[in-house]
Amino acid sequence: MSIVSLALGAAFFGSFAGALHPSGDSLAVFRIPLAVVFALWVIWSPWPAWARWSVAVLCLAAMAQIVAQKYISHPDGPVTIYQKNLLFQNDQVTALAAEIRAANPDIVTLQELTSRNAPLVRELRPDYPYQASCALVEWARVAILSRWPVEGEICIEGQGLVGIQVLSPQGPFWAFSLHAFWPWPHGQSEQLDRLLPVLSELDEPVVIGGDFNMVPWSHALRQLARSTNTARAGKLFPTFKKLGAPLPINHVYAPGGGDAIPRPLLGSDHNGVLARVFVFAP
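Remember, predicted model here, so these are calculated numbers, not experimental data.

Enquirer: Help me understand the overall build of the protein, please; the structure alone is not making it clear to me.
Expert: Looking only at helices and strands, the protein features eight helices and 14 strands. Buried positions account for 53% of the 282 residues belonging to the protein. Summarising the internal contacts of the protein: among those between residues at least 6 apart in sequence, 62% fall at separations of at least 24. Counting only carbon and sulfur atoms, one obtains 62% of the accessible surface of the protein, whose full area is about 12,800 Å². Placing the 19 positive and 20 negative side-chain charges of the protein at their respective mean positions leaves the two points 10 Å apart.

Here you go:
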């Protein structure tokens, strides 16, 4: 067994090991290319036929599990969320404000709110008078806007989380905007370890829109879904490119899931996400 085979196998199987170490989630981002390269390498290796084809089938199953998420249909829910990482230097604020008004969401979740793009929240104030923000770093904040009245607020400074207790026509729920850190070797795992207990202890339903900097099949986001009793809304689609690779890292989670579609960049390096979700059981 060659060193290359061992390295590829370790990387591929390691992408499922996020529960053991956060490096597994970093590998999970690249699970599809790892599966392709590992399968092709093994098929043409001198391994016994049963070993070659067993590994190939495992790789194919891993790829199919992800690719299938692009084609599964989801019903529209009654609550509409517009999620957007603004990009700190966004200079298309007026166009983005018009886009949000046209989408007519109930809740808007924003990341990388800075002094440069802050006019956006001021432009939207007549439509979304209930607003909250929280510092992630000295120069950037996370923010959340609501057309419905708000009763409570949660801000965890330096951890990229702000939430409001929304008094919707269907009943009260918590809506959050999250900007997750980059995964290992950065601090995403430690960040979620701090935030998930806060989210899981809330008595009312939770909706989260954010730039999660992580793919939905990772341990981190599966853990978030379990802790908050939520499901990701919509089919799988990319919202950000890293080194040319299209990555699905901007999401909306709600108790009953829902549908979601990508929205234009409009001055950002992240696509917006427009989600129609189920907050309460029918």
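Enquirer: In this structure, what is going on with the packing of aromatic side chains? I would like to understand it.
Expert: To describe a pair of aromatic rings, you give the distance between the ring centres and the angle between the ring planes. Following the criterion strictly, the structure yields ten aromatic pairs and no others. Taking the centre distance of 6.2 Å and the plane angle of 55° together, the rings of Trp182 and Phe240 count as tilted. Here the residue Trp182 occupies a position in the loop between strand S7 (171-179) and helix H7 (188-200), and Phe240 occupies one in strand S10 (residues 240-242), the gap between them amounting to 58 residues. Classification of Trp182 as partly exposed rests on a relative accessible area of 36%. One aromatic cluster in this structure is built from Phe12, Phe13, Phe16 and Phe38. In this structure, Arg31 packs its charged tip against the face of Phe16, placed 3.9 Å from the ring centre.

Enquirer: Honestly, the sheet that holds strand S2 (residues 107-113) in this entry has me stumped. Any pointers?
Expert: Through backbone hydrogen bonds, the strands of a sheet pair up, either in parallel or in antiparallel fashion. Taken in spatial order, the six strands line up as S3-S4-S2-S1-S14-S13 in an open sheet, and their pairing is mixed. Only two strands of the sheet have a single neighbouring strand rather than two, namely strand S3 (130-137) and strand S13 (258-263). Recorded for the sheet is a direction-independent mean angle of 15° between the axes of neighbouring strands. Bridge count for strand S1 (residues 79-85) against strand S14 (residues 272-277) is five bridges, and the pairing is antiparallel. From the neighbouring strand, Gln83 faces S14, where its bridge partner is Val273.

Enquirer: Would you mind going over the side chain of Asn85 with me for this structure?
Expert: Its place among the elements puts Asn85 in strand S1. Only 3.0 Å separates the side chain of Asn85 from the backbone nitrogen of Leu87, close enough to count as a polar contact. The residues touching Asn85, leaving out its near neighbours within four places in the chain, are Gln111, Glu112, His179, Asp211, Asn250, Ser268 and His270.

Enquirer: Whenever I open this one, a nonpolar patch on the surface confuses me. Can you help?
Expert: A grouping of Val36, Val37, Leu40 and Trp44 is seen on the molecular surface, where their side chains present a nonpolar patch of about 440 Å² in accessible area. Along the chain, Val37 turns up in helix H3 (residues 31-43). According to the relative accessible area criterion, Val37 is partly exposed, its value standing at 43%.

Enquirer: How should I be thinking about the environment of Pro264 in this particular structure?
Expert: Following the sequence through the fold, Pro264 ends up in the loop between S13 and S14. Residue Pro264 is classed as partly exposed on the basis of its relative accessible area of 36%. Residues Pro264 and Gly209 lie 55 residues apart in sequence; the distance between their C-alpha atoms is 17 Å. Dropping the residues within four chain positions of it, Pro264 is found in contact with Lys84, Glu99, His270, Asn271 and Gly272.

Enquirer: Hey, could you run me through the pairing of S3 in this one?
Expert: Look at any regular strand and the pattern is simple: side chains alternate between the two faces of the sheet. Relative to strand S4 (residues 140-146), S3 runs antiparallel, the two being bridged by seven bridges. For Val137, the partnering residue across the bridge sits in S4 and is Ala140.

Enquirer: Honestly, the sheet that holds strand S12 (residues 250-254) in this entry has me stumped. Any pointers?
Expert: Read from one edge of the open sheet, six strands run S5-S6-S7-S8-S12-S9, paired in mixed fashion. Strands with a single pairing partner mark the edges of an open sheet, and in this sheet they are strand S5 (150-156) and strand S9 (231-232). Relative to strand S6 (residues 161-168), S5 runs antiparallel, the two being bridged by six bridges. Bridge pairing links Glu153 to Ile164 in S6. The sheet contacts of H7 involve S5, S6, S7 and strand S8 (206-211), and relative to S7 the element is tilted by about 175°. The sheet strands contacting helix H8 (residues 219-228) are S7, S8 and S12, and the helix crosses S12 at an angle near 25°.

Conventions and cut-offs
- Residues numbered from 1 in each chain as written.
- Predicted model: local features only at pLDDT ≥ 70, side-chain atom pairs only at ≥ 80, totals over all residues.
- Heavy atoms only, no water.
- Helix = DSSP H or I, 4+ residues; strand = E, 2+ residues; numbered from the N terminus.
- Buried < 20%, exposed > 50% of the residue type's maximum accessible area, 1.4 Å probe, protein only.
- Contact = heavy atoms within 4.5 Å.
- Areas by Shrake-Rupley, 256 points an atom, 1.4 Å probe, with all protein chains shown as cover.
- Lys, Arg positive; Asp, Glu negative; His and termini not counted.
- Charge placed at Lys NZ, Arg CZ, Asp CG, Glu CD.
- Phe/Tyr/Trp six-rings, centres within 6.5 Å; stacked < 30°, edge-to-face > 60°.
- Lys NZ or Arg CZ within 6 Å of the ring centre and 35° of its normal.
- Pairing = 2+ DSSP bridges.
- Axes fitted to C-alpha atoms, helices over the stretch in contact; angles between N-to-C directions.
- Polar contact = N/O pair within 3.5 Å; in protein donor to acceptor, adjacent residues only side chain to side chain.
- Patch = residues over 30% accessible without salt bridge, like charges linked within 9 Å, V, L, I, M, F, W, Y side chains within 5 Å.
- Salt bridge = Lys/Arg side-chain N within 4 Å of Asp/Glu carboxyl O.

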